[in-house]
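Secondary and tertiary structure notes
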Number of protein chains: 2
Amino acid sequence: MAVYALTVAYKGTRYSGWQVQKNAPSVQSAVQDAVERVFGTRLGVTGCSRTDSGVHALAYVCHIETEKEIQPEKLCLALNMHLPRDISVLEARVEEDGFHARYSALGKEYLYVIRNSRVRDPFAEGGVYQYPFHVDENLASKLGKAFVGKHDFGAFMSAGSKITDTVRTVYYFDVRREGDYLLISTAADGFLYNMVRIMVGTLLKACKGSLDITAALNTPDRGLAGPTAPAEGLYLKKVFYSKKELEERINNFEE
Amino acid sequence: MAVYALTVAYKGTRYSGWQVQKNAPSVQSAVQDAVERVFGTRLGVTGCSRTDSGVHALAYVCHIETEKEIQPEKLCLALNMHLPRDISVLEARVEEDGFHARYSALGKEYLYVIRNSRVRDPFAEGGVYQYPFHVDENLASKLGKAFVGKHDFGAFMSAGSKITDTVRTVYYFDVRREGDYLLISTAADGFLYNMVRIMVGTLLKACKGSLDITAALNTPDRGLAGPTAPAEGLYLKKVFYSKKELEERINNFEE
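Residues numbered from 1 in each chain as written. Chains lettered and ligands numbered in written order. Predicted model: local features only at pLDDT ≥ 70, side-chain atom pairs only at ≥ 80, totals over all residues. Heavy atoms only, no water.

1. Describing the side chain of Lys 108 of chain A
Residue and element names in this part refer to chain A. The line we're drawing: Helix and strand assignments follow DSSP, with helices taken as H or I runs no shorter than four residues and strands as E runs no shorter than two, numbered in order from the N terminus. Buried residues are those whose accessible area, probed at 1.4 Å on protein chains only, stays under 20% of the maximum for their type, while exposed residues exceed 50% and partly exposed ones sit between those limits. For the purpose of charge, His is not counted, nor are the chain termini; Lys and Arg are scored as positive and Asp and Glu as negative. Salt bridges are identified by distance alone: a Lys or Arg side-chain nitrogen within 4 Å of an Asp or Glu carboxyl oxygen. What makes two residues a contact is simply this: any of their non-hydrogen atoms within 4.5 Å.
Mapping Lys 108 onto the fold places it in strand β5 (residues 107-115). Buried and unpaired, Lys 108 has Asp 189 as its nearest opposite-charge partner, separated by 9.1 Å. Residues in contact with Lys 108, not counting those within four places in the same chain, are Cys 48, Ser 49, Thr 186, Ala 187, Ala 188, Phe 191, Leu 236, Lys 238, Val 239 and Phe 240.

2. Examining the interface of chain B and chain A
In plain terms, the rule: Buried surface area refers to the total accessible area, computed with a probe of radius 1.4 Å, that the two partners give up upon joining, counted for both partners together. Two N or O atoms count as a polar contact when they lie within 3.5 Å, although within protein this holds only if one can serve as hydrogen donor and the other as acceptor, and sequence-adjacent residues are included solely when both atoms are side-chain atoms.
Counting residues at the interface gives 24 residues for chain B and 24 residues for chain A. At the boundary of chain B with chain A, total buried surface from both sides reaches about 1800 Å², with 64% on carbon and sulfur atoms. Considering only the side of chain B, the residues that lose the most area to chain A are Arg 85, Pro 122 and Phe 123 of chain B, jointly responsible for 38% of the buried surface there. At the boundary of chain B with chain A, the tally comes to four salt bridges. Among the ionic pairs, Glu 125 of chain A bridges to Arg 85 of chain B, the shortest N-O distance being 2.9 Å. In this assembly, chain B and chain A are joined by four residue pairs in polar contact (both at pLDDT 80 or more). Those elements that place two or more of their residues in the side of chain B that touches chain A are β1 (2-10), β3 (56-66), α2 (72-81) and β4 (87-95) of chain B.

3. Topic: the layout of surface pockets
Stated precisely, the cut-off is as follows: Here a cavity denotes a set of grid points, spaced 1 Å apart and computed over the protein atoms alone, in which a 1.4 Å probe fits but from which it cannot get out, and a pocket denotes an open set meeting protein on both sides within 12 Å along at least five of seven lines; residues with an atom within 4 Å of a point are reported as lining. Grid points are joined across faces, edges and corners, and a volume is the space filled by probe spheres set on the points.
The computed volume of the largest pocket comes to approximately 1300 Å³. Along its surface, the largest pocket is lined by 44 residues, and Phe 123 and Ala 124 of chain A together with Asp 121, Phe 123 and Ala 124 of chain B are the ones closest to its centre. Elements that contribute at least two residues to the lining of the largest pocket include exactly β5 and β9 (181-188) of chain A together with β5 (107-115), β8 (167-178), β9 (181-188), β10 (234-240) and α6 (243-254) of chain B.

4. Details of the relation of the copies chain B and chain A
Note on the chain copies: they are related by a rotation about an axis and a translation along it. Let me state the cut-off plainly: Alignment of copies: least-squares fit on C-alpha atoms of residues with pLDDT of at least 70 in both copies.
For the pair chain B and chain A, the superposition axis carries a translation of 0.0 Å, the fit reaches an RMSD of 0.0 Å, and the rotation angle comes to 180°. Both chain copies can therefore be described as sitting about a two-fold axis. Comparing interface residues between copies, 100% of those in chain B also sit at the interface in chain A, which points to an isologous, same-surface contact.

5. Quick look at the domain arrangement of chain A
Residues and elements named next belong to chain A. Test applied: Note that the domain bounds were set by an automatic or database domain assignment. Classification used: nonpolar for Ala, Val, Leu, Ile, Met, Phe, Trp, Tyr, Cys and Pro, charged for Asp, Glu, Lys and Arg, polar for all others including Gly.
Here the domain parsing of chain A yields domain 1 (2-95) and domain 2 (107-254). Counting residues at the interface gives 15 residues for domain 1 and 17 residues for domain 2. For the pair domain 1 and domain 2, the summed buried surface comes to about 1200 Å²; carbon and sulfur atoms form 59% of the total. By the criterion of area lost to domain 2, the three top residues of domain 1 are Asp 52, His 56 and Leu 58, representing 43% of everything that side buries. Seen at the junction of domain 1 and domain 2, the total is one salt bridge. Asp 52 is the partner of Arg 197 in a salt bridge, and the nearest nitrogen-oxygen pair spans 3.0 Å. Remark: the boundary between domain 1 and domain 2 carries eight residue pairs in polar contact (both at pLDDT 80 or more). With six residues, strand β3 (residues 56-66) is the largest single contributor of residues to the side of domain 1 that touches domain 2. Looking at the side of domain 1 that touches domain 2 residue by residue, the class counts come to seven nonpolar, five polar and three charged.

6. Remarks on the environment of Leu 77 of chain B
All names here are of chain B. Locating Leu 77 in the fold gives a position in helix α2. For Leu 77, a relative accessible area of 23% corresponds to the partly exposed category. Separated by 30 residues in the primary sequence, Leu 77 and Gly 47 place their C-alpha atoms 20 Å from one another.

7. Thoughts on α2 of chain B
Residues and elements named next belong to chain B. Going by this rule: Relevant arc is that of directions from the helix axis to the C-beta atoms, nothing else.
Residues of α2 that are buried: Leu 75, Cys 76, Leu 79 and Asn 80. Along the axis of α2, the buried residues cluster in a sector spanning 130°; they form a single face. Exposed residues lying more than 90 degrees from the buried face of α2 are Glu 73, Lys 74 and Met 81. The inward-facing, buried residues of α2 contact β1, α1 (27-39) and β4.

8. Here's the deal with the packing of helix α1 (residues 27-39) of chain A against helix α2 (residues 72-81) of chain A
Residues and elements named next belong to chain A. To keep things clear, this is the line we draw: Whenever a helix is involved, its axis is fitted only over the stretch in contact; in every case the axis is a line through C-alpha atoms, and angles between N-to-C directions fall within 0 to 180 degrees. Here roughly perpendicular refers to angles of 65 to 115 degrees, roughly parallel to angles under 35, roughly antiparallel to angles over 145, and oblique to all remaining angles. Two helices cross in a left-handed way if the nearer one is turned anticlockwise from the farther one by less than a right angle. They cross in a right-handed way if the turn is clockwise.
The interhelical angle for the contact between α1 and α2, taken along N-to-C directions, is 120°, at an axis separation of 9 Å. By the angle class used here, α1 and α2 are oblique. The handedness of the crossing between α1 and α2 comes out as right-handed. On the side of α1, the interface is formed by Ala 34, Val 35, Val 38 and Phe 39, while α2 contributes Leu 75, Ala 78 and Leu 79. Residue composition of the contact of α1 with α2, grouped by class: seven nonpolar, no polar and no charged.

9. Structural notes on the packing of aromatic side chains
The criterion, for reference: Classification of ring pairs uses Phe, Tyr and Trp, with its six-membered ring standing for Trp, and accepts pairs whose centres are within 6.5 Å; under 30 degrees between planes counts as stacked, over 60 as edge-to-face, and the remaining range as tilted.
For the structure shown, the criterion picks out 25 aromatic pairs over all chains. Ring centres of Phe 123 of chain A and Tyr 235 of chain B lie 5.5 Å apart, and the angle between their planes is 55°; on these two criteria the pair is classed as tilted. A residue pair is termed interchain when its members come from two chains, as with Phe 123 of chain A in the loop between β5 and β6 (129-130) and Tyr 235 of chain B in strand β10. For Tyr 235 of chain B, a relative accessible area of 10% corresponds to the buried category. The interplanar angle of 20° and the centroid separation of 4.3 Å between the aromatic rings of Trp 18 of chain B and Tyr 60 of chain B together place this pair among those described as stacked.

10. Quick word on the packing of helix α3 (residues 137-144) of chain A against helix α4 (residues 195-207) of chain A
Angle between the axes and distance between the axes: these two values describe a pair of packed helices. All names here are of chain A. One can describe the packing of α3 onto α4 by two numbers: an axis separation of 10 Å at closest approach and a directional angle of 120°. One element, α3, and the other, α4, form an angle in the oblique class. For the pair α3 and α4, the crossing hand works out as right-handed. Contact residues: α3 offers Leu 139, Ala 140, Leu 143 and Gly 144, while α4 offers Leu 203, Ala 206 and Cys 207. Of the residues that constitute the contact of α3 with α4, the class distribution is six nonpolar, one polar and no charged.

11. Looking at empty space enclosed by the protein
Residue and element names in this part refer to chain B. According to the stated counting rule, one finds two cavities of 30 Å³ or more in the structure shown. Its boundaries defined by the atoms lining it, the largest cavity holds a volume of some 50 Å³. Looking at the lining of the largest cavity, its residues break down into two nonpolar, two polar and four charged. Here the second largest cavity defines a volume of roughly 40 Å³. Lining the second largest cavity are Arg 120, Asp 121, Ala 124, Glu 125, Gly 126, Val 128, Gln 130 and Glu 232. A class-by-class count of the residues in the lining of the second largest cavity yields two nonpolar, two polar and four charged.

As structure tokens, this is what we get:
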């Protein structure tokens with residue numbers, strides 16, 4: 001018996017998200033199909049999280065348990081032969097028994113990409129939030145620091161979630177500009193349904209001076225936070241399974 | 001009467017190239033449609049070059065002549081309102097009478113992007129040449145220098161061109177690696193039909209040791225050069241109209 005962790009990149013545009021759904025293409029079912037082709041039998045593919053329709057992943061992690069063992073590099077290449085062009089397995093590695101893509105995760109980092117220009121980039125289509133109003137990145141960076149720490153993020157969760165404990169710890173919330181692009185990186189021990197997108201929508205409104213981030217924290221009132229930024233700018237960037245790796249990344253942003 | 005130069009970025013995947021063609025979508029006709037919507041009359045849109053089907057542009061230049069004058073920044077925004085999402089006008093500027101997008105050009109720079117990995121990048125789809133065999137970038141850089149200078153590039157031209165003078169001056173041919181990507185930048189006073197793509201195909205074959213670039217130069221024998229690399233990796237990056245700007249760029253690569 002072997003447990004393999006797969007690191008998967010995908011462009012989410014064509015998909016209803018990670019999770020298998022009736023009558024809608026999902027990344028999970030595409031990966032399950034590829035796994036079935038390679039192993040000759042249908043295996044469960046367990047993901048690290050649901051992702052929303054249209055959300056992308058630079059390094060999603062899922063795991064499979066199998067009787068048949070395949071050398072990890074060969075498994076990676078074999079899976080890619082059976083995957084569509086908008087999904088790639090970047091790495092396959094053998095994990096210890098008991099590894100679970102979701103429950104073993106200590107935290108996740110998301111990247112949100114805003115094209116802050118009145119002119120579209122034809123090559124960024126479907127992969128950015130086109131936001132025409134100029135954002136002062138120093139102000140955004142300063143205001144965004146309010147998210148960092150342990151807070152009740154109840155106001156930063158979309159309706160439809162069954163979760164009742166809405167306290168999360170945000171490890172960092174970093175905003176930087178690269179030309180016409182604003183790159184927002186944030187990690188937490190966990191994120192609520194649509195939390196990153198609502199944080200971004202809230203930040204943009206706060207930058208306009210029409211909202212106070214701190215007033216929206218530690219309340220359950222969704223109305224105090226800003227709108228949900230579009231899915232197309234959001235990328236799951238990193239899932240942390242090593243405490244050391246997570247701490248190094250946090251320190252990196254604190255310097 | 002005013003002459004406007006438009007700098008246009010486009011993802012070429014959906015198009016048969018720049019040039020208007022019967023029964024096939026072209027970038028030129030999309031731009032002409034947008035110009036017609038903005039000026040209320042059909043105007044000629046003159047491009048700096050044909051580009052092949054599937055080839056992209058980061059900064060293609062075309063010009064229009066018009067009686068009606070519009071403030072350049074407003075013209076840029078108005079055109080973008082009428083363009084599809086894979087074409088953007090990055091800049092509109094007023095040019096002197098007599099400016100011609102093609103005949104005023106002193107040279108052009110192309111970028112060719114190779115993803116040098118066995119694993120696809122889901123976000124690069126249609127915008128790179130996926131090349132799985134490892135390329136030593138130092139060797140490629142060294143071999144590619146053979147292209148620089150004034151040569152007869154007759155062997156680097158696809159059949160179907162009516163051009164008889166096949167002598168061109170290549171100003172630079174630069175190869176660098178960024179992770180799994182190889183970026184090739186080359187500029188010349190002009191390029192023959194498919195010349196950059198044949199140069200890239202030739203370079204890759206030379207890196208394998210199965211072809212000698214210098215033997216293919218100054219002959220008309222297409223068979224001595226390598227295959228034509230795919231269109232999807234090619235980007236028109238810069239059209240030079242200023243001698244100073246071109247010289248600075250050349251010096252930049254010589255250092």
